[in-house]
Structure formats: C-alpha cells, structure tokens
Amino acid sequence: MSDILTTVVGRLTNEPLIRDLGAGREVVSFRMACNHGFYDRQTGAWKESSTSYLSVDVWRRHLGRNVKQTFAKGDPVIVHGRLYVREFEQDGRPRTAVSLVAEAVGPDLNTATAVVNRVRRAADGSLLDDGTPLSEGPRGPGTRAEHSSVEVRDGAPPEPGEPVAEVAGAPVGRT
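Remember, predicted model here, so these are calculated numbers, not experimental data.

### What to know about the overall build of the protein chain
If you tally the helices and strands in the protein chain, you get one helix and ten strands. Its helices and strands taken in sequence order, the protein chain reads β-β-β-β-α-β-β-β-β-β-β from the N to the C terminus. Counting only residues that meet the buried cut, the protein chain has 22% of its 175 residues in that class. Across the protein chain, the fraction of contacts at a sequence separation of at least 24, relative to all contacts at a separation of at least 6, is 47%.

### A word on the nonpolar core
In terms of nonpolar packing, the biggest core is built from 17 residues, with Phe30, Met32, Val56, Val58, Val67 and Val79 touching the most fellow members. Listing elements by their share of this core, those giving two or more residues are β1 (4–12), β3 (25–40), β4 (45–58), α1 (61–70), β5 (76–90) and β6 (93–107). If one sorts the elements of this core by residue count, β3 sits on top with four residues. Sequence-distant contacts of valine 79, that is, excluding residues within four places in its chain, are made with Thr6, Thr7, Val8, Phe30, Met32, Val56, Leu100, Ala102, Ala104 and Val105.

### Structural notes on unusual backbone geometry
Residue alanine 23 is not a glycine yet carries a positive backbone phi of 55°. Mapped onto the elements of the fold, alanine 23 is located in the loop between β2 (17–22) and β3.

### Here's the deal with the environment of phenylalanine 38
Structurally, the position occupied by phenylalanine 38 is in strand β3. Separated by eleven residues in the primary sequence, phenylalanine 38 and serine 49 have C-alpha atoms spaced 8.0 Å apart. Every residue in contact with phenylalanine 38, bar those within four places of it in the chain, is listed here: Ala45, Trp46, Lys47, Glu48 and Ser49.

### Some details on the confidence of the model for the protein chain
Looking at the protein chain as a whole, the pLDDT averages 77, with 70% of positions reaching at least 70. Mean pLDDT in the protein chain bottoms out at strand β9 (residues 164–167), which sits at 42, and peaks at β1, which reaches 95. Predicted confidence is poor over residues 133–175, with pLDDT under 50, and the contacts of this stretch with residues over four places away or in other chains come to 51 contacts.

### Considering the pattern of salt bridges
Counted according to the given criterion, the structure contains six salt bridges. As a salt-bridge pair, arginine 61 and glutamate 26 come within 3.9 Å of each other at their nearest N and O atoms. Here glutamate 26 lies in strand β3 and arginine 61 lies in helix α1, a separation of 35 residues in the sequence. We classify arginine 61 as partly exposed; its relative accessible area is 35%. Residue glutamate 26 is classed as buried on the basis of its relative accessible area of 14%. Taken together, the salt bridges that share partners define one network made up of Asp3, Arg82 and Glu103.

### With respect to α1
Every buried residue belonging to α1 is among Leu63, Gly64 and Val67, and all of these are buried. Around the axis of α1, the buried residues are gathered within 100° of arc, so they sit on the same side. Packed against the buried residues of α1 are β3, β4 and β6.

### With respect to the side chain of serine 29
Counting through the fold element by element, serine 29 comes out in strand β3. Side chain to side chain, serine 29 and arginine 19 meet in a polar contact 3.0 Å long. Setting aside residues up to four positions removed in sequence, serine 29 forms contacts with Asn14, Glu15, Pro16, Leu17, Arg19, Val56 and Asp57.

### Description of the pairing of β3
As paired elements, β1 and β3 share two bridges and run antiparallel to each other. Paired with leucine 12 across the two strands is methionine 32, which belongs to β3. Note: β2 against β3, five bridges, orientation antiparallel. Looking at the pairing, isoleucine 18 lines up with valine 28 of β3. The hairpin turn running from β2 into β3, its antiparallel successor, is two residues long, and alanine 23 in that turn takes a positive phi close to 55°. Pairing geometry for β3 and β4, over twelve bridges, is antiparallel. Looking at β4, one finds that aspartate 40 is bridged to alanine 45. Counting the residues between successive antiparallel strands, the hairpin from β3 to β4 contains four residues, one of them, glycine 44, with a positive phi of roughly 70°.

Scoring rules and cut-offs
Residues numbered from 1 in each chain as written. Predicted model: local features only at pLDDT ≥ 70, side-chain atom pairs only at ≥ 80, totals over all residues. Heavy atoms only, no water. Helix = DSSP H or I, 4+ residues; strand = E, 2+ residues; numbered from the N terminus. Buried < 20%, exposed > 50% of the residue type's maximum accessible area, 1.4 Å probe, protein only. Contact = heavy atoms within 4.5 Å. Core = buried A, V, L, I, M, F, W, Y, C linked by side-chain atoms within 4.5 Å. pLDDT = per-residue confidence, 0-100. Salt bridge = Lys/Arg side-chain N within 4 Å of Asp/Glu carboxyl O. Arc of directions from axis to C-beta. Polar contact = N/O pair within 3.5 Å; in protein donor to acceptor, adjacent residues only side chain to side chain. Pairing = 2+ DSSP bridges.

In structure tokens, the structure reads:
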C-alpha cells in the first residue's frame, strides 16, 4: 500500500494531548477542523463550506513536544503528513475514520502571526529552546521583512494575474 502524503490547513479543536505508551514512547494527538472559505461576489461577503474533521497523531518525539508547547485549541495550523483512512463497523453500521500522521506542523500565517524560536539539540539528543527568535539569531537583524500591514482593497482575494504588493519578494496582498 502506498502512503498518501498531503498537507491540511485548519484549526485545532482541542488542546494537543501527550499519551505515554510506555517503553519511552509517546504520541501527541489533536483534532483539527478544516473549512474552505470563498468570496461571494454577489453578496460581497466571505462564506464557508462544510467542515471536515481530522485526527492528527505526532509520533516524532521532539516534533510532538514542540506542538504541545506551541499550539492551543483554536490555533490555525498547517499539517503535512501521511493520510490514513480506516473503515470499521460500529453498532452494525459502517464507519470511516480519517487520520493524519504528522511529519511537519506549523502555524497558518494567513490568519495568525508567529515568533519562531530556534531549538538546538543537547549532547543527549534532547532539544533545548534557547529563546532566541530567528530574526535575532545568527542570520542577523533585517533578514525578515518588516511591515505593519498590507491593505487589501475590498477584502476579496486577488484575481488571477492581478498585480500584488511584495515584501521581501513574496506576494502578500493586492496593491
């Protein structure tokens, strides 16, 4: 069976939970809700389609601990990993459960801001957070684009091919 790699964007529906599986193994788990929003030009408002829910398991020890330390219920996240679909029967009815085993987890910067702290490994392999934001780290100041806000004309997404403003070479909004 081939693994299905995918990236999912959504919000945490609960606090990440650490489960100790014994023998030095642990897994961090959370659920996320994924909505697809779209701009309705007739009403001039954003609308949302149905919500899909997904269970996420983080088996990589250091990633799991960083997720537990970083995210809380309601936070916007992007999760990349292996998708698993499991079919089973409950109360005589067929059911389907969809889960994602995370390879990478990060904040969704479309709806949040983040301060990233560099984490380094100790001699024993554990991770140490030195509390140094990346913008103040060894790359030096000025490596991140600094801007207070970007104006988006009517709140609508840009049309394909429409010029966009740039900050440090990355498109961030309509001009």
